[in-house]
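# Geometric and topological summary
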Amino acid sequence: MRISKFIFGLIIIALFIASGSCLLAQTQSKYYKFWDQSNGLPIQLPELKRDDHVYLPLIPIMTNLKKSVSWNYKTGEVILGANNLVQMILLQPTLLLGTDSLSIDPICQINGQLAITPLSARLLLESLLSQNVYLNLKLQQLIIGNPPSELKQNSLLTPPLASRTRIIFSAPKSNKLYQVKTIIIDPGHGGIDSGAIGYDGRYFEKQATLAIALKVVAILRKHPGLQVLMTRTGDYYVSLQQRCQFANEHNGDVFVAIHCNSDSDGIAYGTETYIYSSHASSARALREANYENQGNGRFLSYIKADLREEAYRGRSFLLAEKIDYLIHKRLKLYVRRIQQAPFYVLAHVNMPSILIETAFISNPHEEKELEDPVWQERMAEAIADGILEYRKIVEQTVENK
Ligand SMILES: [Zn+2]
């Protein structure tokens, strides 16, 4: 009897706790009503919160509209719909829709879910579907098409854009990301694209870059545990897009583009090393990037490069520094300070990357050196040893311990 009373009491307490937690859950959870008028009944979207801002889960919205979502954890890229219709990057305030770009509050990740602010969801849906989308923050409604008349009478509240703080992305500190196993060597130009032409019109940039690159690769391949790949191995044309795609598909850990410099007066001399920046460090740097970009100009996809710039900047700089030091020490070349410019190839590879303008092919003296196999070998050794020194430092960094 006593026992049954005890059990009864326990049940009562359990029921009380359960009802309490239910009540609690009801008061804490908030939902947005999302309704595609052409597609039946409303669904409920749980409200997600971060820093007092309300977000909505993006994937259920897209699933409801029968649009695919793909999300790359490594690069933070999010692609919606077929044929890469919408491209976004986590924490970036711009999205690409076909050939248009749209400013949004950056999407982010909350409790493992892709999250978008209601206002950005509205902007995105209007652009994506070319339809009116009604947003009522007070009634928590997001409706595609014509809202019911009672809702129409309510004022549709559109708040000012949330402040768009730029959040700096840093690459996840995992061992894998800080290893240097796969090295991509990119000899500039090739085939119909001869690159810059030597002082007397006889020797081409594409010849010098390939000769040096082949020597760099031969040196690096003697080191066990390294995979060394080239974006071209002969005299043929490879587009800048193909070079980047190759590097990314092979999961390169470092990308080194080899080029020759050129100046109209034939007087300029020395070596210049570049790392990526959306802003050129000088007018010369910008001219050089424009030349090497072969009319690829400022692609909309350069916004993606902002993310990579933040993630890889430190390591790209370190690599440039190591190689510059060895070129100066061993070849006695005049080495300018590390330059920054929006080079296409540097902007589009998912890894630390540099572009080396080894010497001026437009300068008669340096052209002779660029043609000389002995000089090429010394240049290749400086580049290869610079990469190896970089590798040693990167693999010993605190992040790897
Ligand atoms: Zn070039």
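As shown above, the structure is provided for reference.
Heads up: these notes are all about the structure in this document. (Residues numbered from 1 in each chain as written. Predicted model: local features only at pLDDT ≥ 70, side-chain atom pairs only at ≥ 80, totals over all residues.)

### Things to note about the overall build of the protein chain
Helix and strand counts for the protein chain come out as eleven helices and 19 strands. For the protein chain, the proportion of its 401 residues judged to be buried stands at 39%. Pairs at least 24 residues apart make up 68% of the contacts formed inside the protein chain by residues separated by at least 6 positions. (Helix = DSSP H or I, 4+ residues; strand = E, 2+ residues; numbered from the N terminus. Buried ≥ 20, exposed ≤ 12 C-beta atoms within 10 Å, placed from the backbone. Contact = placed C-beta atoms within 7 Å.)

### Looking at the sheet that holds strand β4 (residues 53-57)
Strand order in the open sheet formed by four strands is β3-β4-β11-β10, with antiparallel pairing between adjacent strands. Single-partner strands in this sheet number two, and they are β3 (48-50) and β10 (108-110). The sheet shows a mean angle of 50° between the axes of neighbouring strands, direction not considered. Pairing geometry for β4 and strand β11 (residues 113-116), over two bridges, is antiparallel. (Pairing = 2+ DSSP bridges. Axes fitted to C-alpha atoms, helices over the stretch in contact; angles between N-to-C directions.)

### Description of the sheet that holds strand β15 (residues 227-230)
One open sheet accounts for six strands, arranged β15-β14-β16-β19-β17-β18; its pairing is mixed. Each edge of the open sheet is held by one strand with a lone partner, namely β15 and β18 (339-341). Geometrically, the sheet is characterised by an average inter-axis angle of 25° between neighbouring strands, direction not taken into account. Where strand β14 (residues 182-187) meets strand β16 (residues 254-261), five bridges bridge the pair, whose relative direction is parallel. Residue pairing in the sheet places Ile183 in a bridge with Val254 of β16.

### Focus: the pairing of strand β6 (residues 77-80)
Across the two faces of β6 the burial differs, with Val78 and Leu80 buried and Glu77 and Ile79 not buried at all. Pairing of strand β5 (residues 69-71) with β6 involves three bridges; the strand directions are antiparallel. Residue pairing in the sheet places Val69 in a bridge with Leu80 of β6. Of the pairings in the sheet, the one linking β6 to strand β7 (residues 86-89) comprises four bridges and is antiparallel in character. Among the inter-strand pairings, Glu77 is bridged to a residue of β7, identified as Ile89. The loop that links β6 with its antiparallel partner β7 comprises five residues; one of these, Gly81, has a positive phi angle of about 75°.

### Notes on the environment of Ile354
Summarising the element assignment, Ile354 is placed in strand β19 (residues 353-360). Along the primary structure Ile354 and Arg313 are separated by 41 residues, whereas in three dimensions their C-alpha atoms are 9.9 Å apart. If we skip the residues at most four places from it in the chain, Ile354 touches Val256, Thr273, Tyr274, Ile275, Ser316, Leu319 and Ala320.

### Considering the environment of Tyr236
Here Tyr236 shows up in the loop between β15 and α6 (240-249). Between the C-alpha atom of Tyr236 and that of His189, which follows or precedes it by 47 residues, the distance is 8.3 Å.

### Structural notes on the packing of helix α5 (residues 205-220) against helix α11 (residues 373-395)
Two elements in contact, α5 and α11, have axes whose closest approach is 8 Å; the angle formed by their N-to-C orientations is 50°. On the basis of the axis angle, α5 is oblique to α11. Handedness of the crossing formed by α5 with α11: right-handed. Residue-level inspection shows Ala211, Ile212, Lys215, Val216, Ile219 and Leu220 of α5 in contact with α11, the latter providing Gln376, Glu377, Met379, Ala380, Glu381, Ile383, Ala384 and Ile387. Classifying every residue of the contact of α5 with α11 gives ten nonpolar, one polar and three charged. (Parallel < 35°, antiparallel > 145°, perpendicular 65-115°, else oblique. Left-handed = near helix turned anticlockwise from the far one by under 90°. Nonpolar A, V, L, I, M, F, W, Y, C, P; charged D, E, K, R; others polar.)

### Describing the nonpolar core
Soluble, globular proteins show a tendency: their nonpolar side chains are buried together. Val256, Phe343, Val345, Leu346 and Ile383 are the most contacted members of the largest nonpolar core, which has 55 residues in total. Not counting the four nearest positions on each side in its chain, Val256 is found in contact with Ile185, Asp186, Ile354, Ile356, Ile383 and Ile387. Core analysis: the second largest hydrophobic core is formed by 32 residues, Leu45, Ile61, Met62 and Leu96 among them. (Core = buried A, V, L, I, M, F, W, Y, C linked by C-beta atoms within 7 Å.)

### As for unusual backbone geometry
Its identity as a non-glycine residue notwithstanding, Gln140 has a phi of 55°, on the positive side. With respect to the helices, strands and loops of the structure, Gln140 is situated in the loop between β12 (133-136) and β13 (141-144). Positive phi outside glycine occurs at Asn251, with the angle close to 50°. A tally of 14 C-beta atoms within 10 Å means that Asn251 is categorised as partly exposed.

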